[in-house]
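# What the coordinates show
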Amino acid sequence: MFEVSAVDRWKGARSFTSSADKSSGWVWWVLIILALALSAVVVIAAVWKYGRMRRKAAEFRRAGDEAGFRDEEIKLLMHIARLSGVKNIATIFNADGVFNRGVGRLMHSAKVAAMSEAMCANLNTMLGSLRKKLGFEQIIDDGTKAISSSRQIAPGSRVYIIQPGGVGSVEATIVSTGDSEFLVEAGEPLIGHFGQVWVVRCPVGSTAWEFDATVIRSDIDGVTLGHSADIRIINLRRFPRIATNRPAQVAMFPFSEDTPDLQSPHFVPAVVVEIGGSGLLIEMPMRAQIDEKTIVVVKIDERRRIQGVGKVRRTFTDENGNEMVAIELVGLNSDELAELVCETNIAANRRKTGIDQTNETPVSLHGEKGRR
């Protein structure tokens, strides 16, 4: 037998390593190319995601500006929207459920828990302002017109004062107004310091005029504020009301009834003549009471209908003697509300282009064709 010396073994190992390096060199090149490609994909995805976030934030800010929000209010509302966990942060403009969920998480956060009493009071004031501007409270609808300066607000007008660090707003009255200043009085003492900036909101119908006013002096007669030409028009109505023509069924839904029989709610035929998100203006052949609960079923098209529980917000008789009832659908989640917003937009687009609301004969409770 041949004996292999240590030198022979070393030469063999060297020869094997050299041949292995040559045969596996291309594998290393492939791995390097794959790593570079993967890195490029990760970078491109990160840049795309960042760009999309910036676009969404810009669209959110644009919507906030158009709605009359101040910069700090837009930042707070965006933070609340992100806390709510909703995919599209702009949903918060129309969904009170999203807003309330985000506010709940904000108020239970460690950041708020560490705030001072004054900072918490200021936060509560801003949250109240956001809620009003978003239209998540009942608003009186009287009609409105635009102004360009606080000088145009007549003495005797009712306004709401929001003070820095205050909790909520204070109702006040403009007593007198001059070229450079105006005097306000309230049912409770208003204490202001020279140079303080107060937010003044004057509700007029479905909108409100809001502006920042600087405190000039404060005495027993009231507080004198400086005029402003920077007027923010706040739309207090959540959705535009669009004329439509949809068949519907409505049933009154009282909590209790004086009847010994166990009966199902009685539906009557009705017609939805206006839609505005969760608000429906309905012509129906029976009277209703404010805050009365209802069940509403609306036929959208041949294959689809929407239904929900509603509350009567307003009743009146139109010029033709028809009973009209304004009903707000309540308890809607964000998806259901989004569907109603979509139907409102569809109705608006069809109205602009002159397309009939449906392919059917227009609906009427009086057997007429082509009502309205």
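Residues numbered from 1 in each chain as written. Predicted model: local features only at pLDDT ≥ 70, side-chain atom pairs only at ≥ 80, totals over all residues. Heavy atoms only, no water.

## Concerning the sheet that holds strand 12 (residues 304-317)
Overall, antiparallel pairing links the six strands, which are arranged 8-9-10-13-12-11 in a closed barrel. Across this sheet, the average inter-strand angle for adjacent strands is 45°, counted without regard to direction. Bridge count for strand 9 (residues 267-276) against strand 10 (residues 279-283) is five bridges, and the pairing is antiparallel. When the sheet's bridge partners are listed, V271 is paired in strand 10 with E283. (Pairing = 2+ DSSP bridges. Helix = DSSP H or I, 4+ residues; strand = E, 2+ residues; numbered from the N terminus. Axes fitted to C-alpha atoms, helices over the stretch in contact; angles between N-to-C directions.)

## Quick look at the pattern of salt bridges
When the charged atoms of two side chains with opposite charge come close together, those side chains can pair. Inspection of every chain in the model, using the stated rule, returns nine salt bridges. The closest approach of N and O atoms between R201 and E210, which form a salt bridge, is 2.8 Å. Judged by relative accessible area, R201 falls into the buried class, the value being 6%. Salt-bridge contacts for R287 lead to E323; the nearest nitrogen and oxygen are separated by 3.5 Å. Taken as a pair, R287 in the loop between strand 10 and strand 11 (293-301) and E323 in strand 13 (residues 323-329) lie far apart in primary sequence, 36 residues in all. (Salt bridge = Lys/Arg side-chain N within 4 Å of Asp/Glu carboxyl O. Buried < 20%, exposed > 50% of the residue type's maximum accessible area, 1.4 Å probe, protein only.)

## Section: the packing of aromatic side chains
In the structure shown here, the tally under the stated rule is one aromatic pair. Ring centres of F182 and F211 lie 6.1 Å apart, and the angle between their planes is 70°; this geometry places the pair in the edge-to-face category. With F182 in strand 3 (residues 181-186) and F211 in strand 5 (residues 207-219), this pair connects stretches of sequence that are 29 residues apart. F211 matches F182 in its accessibility class, with the two residues each being buried. (Phe/Tyr/Trp six-rings, centres within 6.5 Å; stacked < 30°, edge-to-face > 60°.)

## Section: the side chain of R70
Mapped onto the elements of the fold, R70 is located in the loop between helix 1 (6-66) and helix 2 (71-84). By relative accessible area, which is 14% here, R70 ends up buried. A distance of 3.2 Å separates a polar atom in the side chain of R70 from a polar atom in the side chain of E72. Setting aside its immediate chain neighbours within four residues, R70 contacts S129, K133, V199, E210, D212 and R232. (Polar contact = N/O pair within 3.5 Å; in protein donor to acceptor, adjacent residues only side chain to side chain. Contact = heavy atoms within 4.5 Å.)

## A look at the pairing of strand 8 (residues 242-252)
On a regular strand, each side chain points to the face opposite its neighbour's, so the side chains alternate between the two faces of the sheet. The buried count for strand 8 comes to nine of 11 residues, which makes it a mostly enclosed element. Relative to strand 9, strand 8 runs antiparallel, the two being bridged by eight bridges. Counted as the bridge partner of P247 is V271 from strand 9. As defined by bridge partners, strand 8 adjoins strand 11 across five bridges and the pair is classed as antiparallel. Within the sheet, the bridge partner assigned to A248 lies in strand 11 and is V298.

## Looking at helix 2
A rise of 1.5 Å per residue sets the reference length of helix 2, with its 14 residues, at 20 Å; its end C-alpha atoms lie 20 Å apart and thus fit the reference within 8%. By the burial criterion, the buried members of helix 2 are E73, I74, L76, L77, M78, I80, A81 and S84. (Expected span 1.5 Å × (residues − 1).)

## Some remarks on the confidence of the model for the protein
Averaged over all residues, the pLDDT of the protein equals 75, while 75% of them reach at least 70. Throughout residues 138-144 the model reports pLDDT below 50, and contacts reaching past four residues in sequence, or to other chains, amount to 17 contacts. Note that residues 356-361 has pLDDT below 50 and, in this model, 14 contacts with residues that lie over four places away or in other chains. (pLDDT = per-residue confidence, 0-100.)

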